[in-house]
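Chain by chain, the residues run as shown.
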Amino acid sequence: MVQRERTHQPAQPLHVTHRVPVALPHEIDMENQHQHPRAAHNAASTTATSLEDTLSRLITAFHILHHQGLLDECGHVSVRNPDDPSTFFTSNVPAILVSSRRHLSQWNVTDGSPVTDPVGGCTASEPTPDSEHFMDSCIYDMYPGVQSVVHSQCLSTMVYGLCNSRGSMLQATYQGAGFLGDHTPIFDAEHHYSTRLSDPYPRNLCINNLTLGDRLAQTFTRDQDMEMDERMGSEVDGAVGLDDNNCPDCCVVFLRGHGFVTWAVSIEDAVYRAIHLRRNADIQTNAMAQRNSTDMEVVYLSPREARDCKETINKATPQVWMAWSAHAERSGLYRTERGGGGRSTGAGEGSTASLPCP
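Presented here is a report on the structure given in the accompanying data block. The shown structure was predicted, so the numbers you read here are calculated from the model rather than taken from an experiment.

## Observations regarding the overall build of the protein
Counting its secondary structure elements, the protein contains 10 helices and 9 strands. A burial count over the protein gives 50% of its 358 residues as buried. A fraction of 68% describes how many contacts in the protein between residues 6 or more apart in sequence connect residues 24 or more apart. For the protein, the accessible area works out to roughly 16,700 Å², and carbon and sulfur atoms hold 52% of it.

Okay, structure coming up:
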């Protein structure tokens, strides 16, 4: 087997720009058709994403995903460091308890090791037996274009990773989930325990080492014949394919008995994919149940429809992000510390802080 060599190479800072904020209704003079000065100033500003804003959005993402039923005591969301793409941030704290930057930790992309002197007010952390930041580490390492990763154990999606096949039954059922395409692979850790890990290694399905992390990351672009060869115990070349943006082909991989993983080029879009994956699973489950009592068949999105939806509308717009943030903040479930490493939930651009009071 050809192993992908891990080398520590100096990474250039990744300059990511904010989406241009959209003026809120109360900021537009409908009679004169011009924007409020603050909205006009925001629209003209496209400065690089600061570390502070990135960490604030990460905290907001934890709250949104918990409020939307994607994260509970398990699962996480992570983001690549905009100032140093060789590291990333996440949290080992349950999503509902994440309230400040001191609940976040920083890790190295190349080997999943903790950053001993984390930046931005984050806390130094050590891996635990159930730490699964290795899945993020390996995905970021293999796909330089990926900027955010979500791992969820949402119950309504779990069933679609239980098939004894290379791909799940989940298909794109509506316009919000065209990013699913026509194939969502399944990663089964069982196929790697005996061939790549020593026998006493706990078979608890956790992606808590580089071996399983690398194999999971490869599943996002694995050729079908290579996947079958691996299931039969053959050695497989570790090379993977990248698109023009250094991102994988598949947007979602299911983990048998362990939820799913999705990625995107921004925190907002990673959250979007996780939310709409759950909605798609709910729709398809209900549609399949109804089909069993009729002679009709479920009509899914065509490959062209799925592709066009992915490329045009499957993104988290500023308004959508503000709405999700507002739902989470106004629920009263989340506490976000101010000062001392904490900021108000969604206090960055496009957050609930910009919304008028109800």
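Anyway, onward from the coordinates.
## Concerning the packing of helix H3 (residues 133-142) against helix H6 (residues 210-219)
Viewed as axis vectors pointing N to C, H3 and H6 meet at an angle of 50°, and their least axial separation amounts to 8 Å. By the angle class used here, H3 and H6 are oblique. In this structure, H3 crosses over H6, and the sense of that crossing is right-handed. Together, Phe134, Met135, Ser137, Cys138, Ile139 and Met142 of H3 and Leu210, Gly213, Asp214, Leu216, Ala217 and Gln218 of H6 make up the contact between the two elements. Here the contact of H3 with H6 is built from residues that sort into 8 nonpolar, 3 polar and 1 charged.

## A look at a nonpolar patch on the surface
Among the surface-exposed residues, Ile96, Leu97 and Leu333 lie close enough to one another that they form a single nonpolar patch of about 260 Å² accessible area. On the secondary structure map, Leu333 appears in the segment after helix H10 (318-330).

## A look at the state of the cysteines
Note on terminology: a disulfide is the covalent bond linking the sulfur atoms of two cysteines. Summed over the entire model, instances satisfying the criterion amount to 0 disulfides. Among the cysteines around Cys250, which has no disulfide bond, Cys251 carries the closest sulfur, lying 7.6 Å off. The class for Cys250 is buried, based on a relative accessible area of 15%. Note on Cys251: relative accessible area 3%, which makes it buried.

## Some thoughts on the sheet that holds strand E8 (residues 252-255)
With mixed pairing, the 7 strands of this open sheet are ordered in space as E5-E4-E3-E6-E9-E8-E7. The strands lining the two open edges of the sheet, one partner per strand, are strand E5 (105-108) and strand E7 (186-187). Pairing of strand E3 (residues 76-80) with strand E4 (residues 87-90), which is carried by 2 bridges, proceeds in the antiparallel orientation. Bridging from a neighbouring strand, Val79 pairs with Phe89 of E4. Strands E3, strand E6 (148-152), E8 and strand E9 (259-264) of the sheet are contacted by helix H8 (residues 267-291), whose axis makes an angle of about 145° with E9.

## Quick notes on the packing of helix H2 (residues 51-67) against H10
Contact geometry for H2 and H10: axes closest at 9 Å, N-to-C directions at 70°. The angle between H2 and H10 places the two elements in the roughly perpendicular class. For the pair H2 and H10, the crossing hand works out as left-handed. Contact with H2, carried on its side by Arg57, Thr60, Ala61, His63, Ile64 and His67, involves Trp321, Trp324, Ser325, His327 and Ala328 of H10 and no other residues of that element. Here the contact of H2 with H10 is built from residues that sort into 5 nonpolar, 5 polar and 1 charged.

## Quick notes on unusual backbone geometry
One non-glycine residue with positive phi stands out, namely Leu205, at about 70°. For Leu205, the location among the structural elements is in the loop between helix H5 (190-196) and H6.

## What to know about the packing of aromatic side chains
Counting across every chain of the model gives 4 aromatic pairs. An angle of 45° between the planes, with centres 5.2 Å apart, marks the rings of Phe88 and Tyr140 as tilted. Note that Phe88 is positioned in strand E4 and Tyr140 in helix H3, a separation of 52 residues in sequence. Like Tyr140, Phe88 is buried. The interplanar angle of 45° and the centroid separation of 6.4 Å between the aromatic rings of Tyr272 and Trp324 together place this pair among those described as tilted. Taken as a pair, Tyr272 in helix H8 and Trp324 in helix H10 lie far apart in primary sequence, 52 residues in all. The class of Tyr272 is buried, set by a relative accessible area of 5%. On the basis of relative accessibility, which here comes to 5%, the residue Trp324 falls in the buried class.

Cut-offs and rules
Residues numbered from 1 in each chain as written. Predicted model: local features only at pLDDT ≥ 70, side-chain atom pairs only at ≥ 80, totals over all residues. Heavy atoms only, no water. Helix = DSSP H or I, 4+ residues; strand = E, 2+ residues; numbered from the N terminus. Buried < 20%, exposed > 50% of the residue type's maximum accessible area, 1.4 Å probe, protein only. Contact = heavy atoms within 4.5 Å. Areas by Shrake-Rupley, 256 points an atom, 1.4 Å probe, with all protein chains shown as cover. Axes fitted to C-alpha atoms, helices over the stretch in contact; angles between N-to-C directions. Parallel < 35°, antiparallel > 145°, perpendicular 65-115°, else oblique. Left-handed = near helix turned anticlockwise from the far one by under 90°. Nonpolar A, V, L, I, M, F, W, Y, C, P; charged D, E, K, R; others polar. Patch = residues over 30% accessible without salt bridge, like charges linked within 9 Å, V, L, I, M, F, W, Y side chains within 5 Å. Salt bridge = Lys/Arg side-chain N within 4 Å of Asp/Glu carboxyl O. Disulfide = S-S within 2.5 Å. Pairing = 2+ DSSP bridges. Phe/Tyr/Trp six-rings, centres within 6.5 Å; stacked < 30°, edge-to-face > 60°.

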